[in-house]
Amino acid sequence: MTTGIEQEERTDSESPDEQLRIPDVLPVLPLRDIVIFPYMIVPLFVSRERSIQAVDQALAENRMIMLAAQRDLEKEEPGPSDIFEFGTAAIIMRMLKLPDGRIRILVQGVSRARITMIEEMPNFLQARIETMQEVAPPASLETEALLRNVRSSLEKAVALGKNISPEVMAIVSNLDEPGRLADLAASNLDLKVDDAQSVLEQLDVAARLRRVNELLAKEIEVLTVQQEINTQAKGEIDRSQREFYLRQQMKAIQAELGEGNELAEDIAAYREKLAKSKLPSQVEEEVERQLKKLERMHPDAAETATLRNWLDIMVALPWSKTSRENLDLSKAETILNEDHYGLEKVKERIIEALAVRKLKEKPKGAILCLVGPPGVGKTSLGRSIARAVNRKFVRLSLGGVHDEAEIRGHRRTYVGAMPGRIIQSIQQAGTNNPLIMLDEIDKVSADFRGDPSSALLEVLDPEQNFSFRDNYLGVPFDLSNVMFMTTANLLETIQPALRDRMEVIRLSGYTEEEKLQIARRHLLSKQMEENGITGKNLTISDSALRDVIVKYTREAGLRQLEREIGKICRKVARRVAEGKTRTVNVTVKNLPDFLGVAKIEPDELLKHDQVGVATGLAVTSTGGDVLFIEAITMKGKGALQLTGQLGDVMRESAQAAYSYARARARDLGIDEDKFSQTDVHIHIPEGAIPKDGPSAGITMATALVSALSGRKVRNTVAMTGELTLRGEVLPIGGVKEKVLAAHRAQIQKVILPALNKKDMEEVPKEPQRDMQFVFADNIRQVLDEALMPPDSPENSAADPGAAENPAPDGAGK
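Values in this document were obtained by computation on a predicted structure and should not be read as measured data.

Asker: What's the story with the pattern of salt bridges in this structure? I'm lost.
Answerer: In a structure, side chains of opposite charge can pair up when their charged atoms sit close to one another. Applying the stated criterion across every chain yields a total of 37 salt bridges. One salt bridge connects Glu564 with Lys599, and the closest N-O pair in it is separated by 2.8 Å. Residue Glu564 is found in helix H19 (residues 559–577), and its partner Lys599 is found in the loop between helix H20 (591–595) and strand S18 (610–611); the two are separated by 35 residues along the sequence. Taking the relative accessible area as the measure of exposure, Glu564 reaches 1% and is therefore buried. When salt bridges with common partners are traced through the structure, they connect Arg112, Glu134, Asp183 and Arg208 into a single cluster.

Below, the structure is given as C-alpha cells:
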C-alpha cells in the first residue's frame, strides 16, 4: 500500500543528472492524495504489499520508479484503469524499513512521463512509459510578468499565513526557469489531486504558469477571508478581556462602597448549610476543596455554574438525615393486612426482616425480588411495606433503561451532567434510609453506552454499597441504610449475577375467592371514592362481582377487574349527577346493562369425552392457563407432524411421546402395524401464540395414545408433567399457577408429577378442597386415570371414525 503521507516537500535547486537515462519500462507506485512534480524531493510511506514489491523491484534494477496518482483514493488495490496516465519518473534516493512492516522512501522527480501501457505482474504493476518534453515559451514580456506575479503571490501567501519554508522562498526568488517555478509553486499549494494533475499534464510552460497563477490568486482569496475570521475572533477575545478588567474595577468600587459580593455570599451560604449537613470527613474535605476553587473563579465563568450545581446537590443530599423506623412487629403486620389481602409468604418475610432489624442495629438484609404476573400487587406491596416500617417510599422504574449513566450518573465534564437515578431517589426521599423500589428490573437492556445491570451489581450488594460512588458526585455515598426491593414479571431476562444477589419471592395469580375478597375490601371502595359516589348510591352483590371476575376479566392480577368496577361506578356517577338519587343495586341479572355482554367465555372443560383430545396446563406471563392438545391419525407411512407454533423443547417432547407409544404399543393396546401405515398429526390450538417447554409431555402422550388406540380421554381430567423415553414423569414448575387455571376451568381431577407433591403447600385451600389430585411417577398411571378403559361402554359407543377424525367440540376457550 502506498500513501502520500507527510508531505514535507523539499526542493533542490540543482537539477538531476541531465545524462541520467530513463528506461522505457518501470515499476509503478500508485499514490494517494499527492502528485509528485519533477525536481521535487519528497518522503513517502509505503504500506501496500504490491507497492512494496514495486519499490523492491526498482531498487534491484536501477532505482528508477514511475510515480502516478490514483483516481479513486479509497481503492485499496488499484488496477491499470484506476491510475492517471500522466505521472513522474523518479529515482529512489533512500529507503528505510520501519518496525510495523512499512517502508519509508525518499524520492526525487526526474521527468514528466506518460504511461502507454500497464502490465500486471504477479506482485506489482509495471508500465511502459514515454518521457514528455516541455514546450518552453520564448522570452517575452508576458512570461516575465507571469514569473513576477507568481513570485509576488507566493510572498503574499506567506504574509497571510501560508506555511511555506524560507528555503523554498529563497529558491523562488532566484529561479528564472518558468516551468520549474510553476512546478515549485504548485507543489507548495496543497492542491487537490485533480488540480495538481492538471498542472502536471500541462506541457506548455506558459499555459502551466498561467494556471498556477490562477490557483495562487484563489489561494490568496481564501487566506484573506481566513485572516479576517481570525481578526474577528481576536477582537472577541479582546472584548472579553476588557469586560473582565471592568468587572474587576467594579468589584473594587463595590468593596469601597461596602456593597456585597454575590459569589462570596453564596459561598458563605454553602458553608453554613454544609455545617448542618454533618458530612463524612472524606466528603467534607472534597467539598471544602471545591469551595476554595469556587472562590478563585469568575462569577460568570461556565465552570462556576457547573460547580454551583454540584454544590447544590451535595448540600441537598441527606448525608446524615434518617427517618425513625417502626420496629413494632404487630403494628407493621396490621398495616400490611390492611393494605393487602393474602400474600402471607411475603408478609411473613417482611416481618422477619423487621424482627432481625429490631435485634441488630445494622443488619445486612437481603434484597427482596417480587416476581409475578402483571397486576398482582408487587409495586403497591412495596409502598405498603414502606408505610409499615415508616420509611420514605421511592419508586424507580427501570423499564427500557439502557444507559449505565442512568444508574451511576454522568461525569461533571459533560454538558447537562446530573447524578444517577439512585442518588436522585435519595435526594427525592430526603432521608438516607428510604425504601427504593426498583420496578421492572427484568426489562433493563444494554447497548453501546454500557450495561445498567452491571452497575446495579454494586448498588444491590450489601458488601459493596456502603461506598457507592456516583460519577457525578465523585465521592462515596453510603447506601447500606437503604432498603431495596425489586419487581419483575420474568426471572429469565435478569442477568445471572444480579439475580444471585436477590432473594426471589414469587407472587402467583389470585383465586376467584381471593379476587372477590380484594374487590370487596379494596377495589370497590377505591373506585367509588375516585368517582365521587358512596355506598348510598351503589351496592354490588357478591354473585355480580363473581360474574365480573369470571366473564369480564381473564388475568392473574386485578387491573382489568378494577377497570370494570370503575366502569360500573362511572355509570352510577352519571345517574347521580343527573339527579337520580335512588340506590343502584347491581346484580347478575342487570350486570350486562353496565358492562355489556360478557367479553370472555371462562375456561371450561371439554363438553364430551373425546378420542385424541387431552387437557393440559401451562404457565404464561399472565399466570396459569389450560390448553387442549389434539391428535389425529390418517393413512400414511408413519410420519409425525406437529403444528401450533411449538418450540424445540415441546417438539422433542412430542417425539419422545411418539417413541414411547411405538415401543410400548402392545402394552397400550395399539396395533403395531398401525405405526407403519398411519401418519399422526399433533396440534395445539391458538397457533399465533408461541409455545415451548417440556411440561406438556404427558398431555401429548395421552392424546397420542388415545388417537392410536381409539380410547376416549376423560374431559374432567387435566394434567402436566415431563415425560422420559422410559415413561417416567418428571417434575415441572408453576404448580400453583397451573392448579389455579384448572380450578377456573372447573376441572375435577388434576394429574401432577409425584415429585411435585411438596409444592401443594403453596396452593390455596379452595382448589385443594374442590378438586381431586393424582400424583403419578409413570405414564401408565397417567393413562389409567385419563383414558377410558378399553372395554368401557363409552368407547364401544363411539363413532368408528372418531379415532381417525376427532371433533374437539367445546375445546375453544
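Asker: Explain a positive patch on the surface here, please?
Answerer: Taken together, Arg570, Lys571, Arg575 and Arg582 make up a surface patch of like positive charges. Positionally, Arg575 belongs in helix H19. A residue is classified by how much of its surface remains accessible, and Arg575, at 36% relative accessible area, is partly exposed.

Asker: I'm lost on the packing of helix H8 (residues 281–295) against helix H9 (residues 302–316) in this one. Help?
Answerer: Each pair of packed helices can be summarised by the angle the axes make with each other and by the distance between the axes. Close contact between H8 and H9 brings their axes to 11 Å; oriented N to C, the two are set at 150°. One way to sum up the angle between H8 and H9 is to call them roughly antiparallel. As for the relative orientation of H8 and H9, their crossing is left-handed in sense. Contact with H8, carried on its side by Val283, Glu286, Val287, Gln290, Leu291, Lys293 and Leu294, involves Glu303, Thr304, Leu307, Trp310, Leu311 and Met314 of H9 and no other residues of that element. Along the lines of polarity and charge, the residues of the contact of H8 with H9 split into eight nonpolar, two polar and three charged.

Asker: Please clarify how helix H24 (residues 735–744) should be interpreted in this entry.
Answerer: Within an α-helix, residues lying three or four positions from one another point in the same direction, as the helix has 3.6 residues per turn. Burial runs high along H24: nine of the ten residues are buried. Val735, Lys736, Glu737, Lys738, Val739, Leu740, Ala741, Ala742 and His743 are the residues of H24 that are buried. The positive-phi residue at the C-terminal boundary of H24 is Gln746, with phi of around 65°.

Asker: Honestly, the environment of Ser525 in this entry has me stumped. Any pointers?
Answerer: Turning to its location among the elements, Ser525 is positioned in helix H17 (residues 512–530). Exposure remark for Ser525: the relative accessible area of 39% places this residue in the partly exposed category. Sequence separation between Ser525 and Ile565 is 40 residues; the distance between their C-alpha atoms is 9.9 Å.

Asker: I'm lost on the layout of surface pockets in this one. Help?
Answerer: Regions of empty space are outlined by a rolling probe, equal in size to a water molecule, passed over the atoms. Here the second largest pocket defines a volume of roughly 690 Å³. Along the walls of the second largest pocket sit 25 residues, with His340, Gly377, Ser380, Lys526 and Glu562 positioned nearest its centre. Taken together, the elements giving at least two residues each to the lining of the second largest pocket come down to helix H12 (378–389), H17 and H19. No other element matches H12, which puts five residues into the lining of the second largest pocket. Residues belonging to the lining of the second largest pocket are distributed by class as follows: seven nonpolar, nine polar and nine charged.

Rules used throughout
Residues numbered from 1 in each chain as written. Predicted model: local features only at pLDDT ≥ 70, side-chain atom pairs only at ≥ 80, totals over all residues. Heavy atoms only, no water. Salt bridge = Lys/Arg side-chain N within 4 Å of Asp/Glu carboxyl O. Helix = DSSP H or I, 4+ residues; strand = E, 2+ residues; numbered from the N terminus. Buried < 20%, exposed > 50% of the residue type's maximum accessible area, 1.4 Å probe, protein only. Patch = residues over 30% accessible without salt bridge, like charges linked within 9 Å, V, L, I, M, F, W, Y side chains within 5 Å. Areas by Shrake-Rupley, 256 points an atom, 1.4 Å probe, with all protein chains shown as cover. Lys, Arg positive; Asp, Glu negative; His and termini not counted. Charge placed at Lys NZ, Arg CZ, Asp CG, Glu CD. Axes fitted to C-alpha atoms, helices over the stretch in contact; angles between N-to-C directions. Parallel < 35°, antiparallel > 145°, perpendicular 65-115°, else oblique. Left-handed = near helix turned anticlockwise from the far one by under 90°. Contact = heavy atoms within 4.5 Å. Nonpolar A, V, L, I, M, F, W, Y, C, P; charged D, E, K, R; others polar. 1 Å grid on protein atoms, 1.4 Å probe; cavity = no way out; pocket = protein on both sides within 12 Å on 5 of 7 lines; lining within 4 Å. Points joined across faces, edges and corners; volume = space filled by probe spheres on them.

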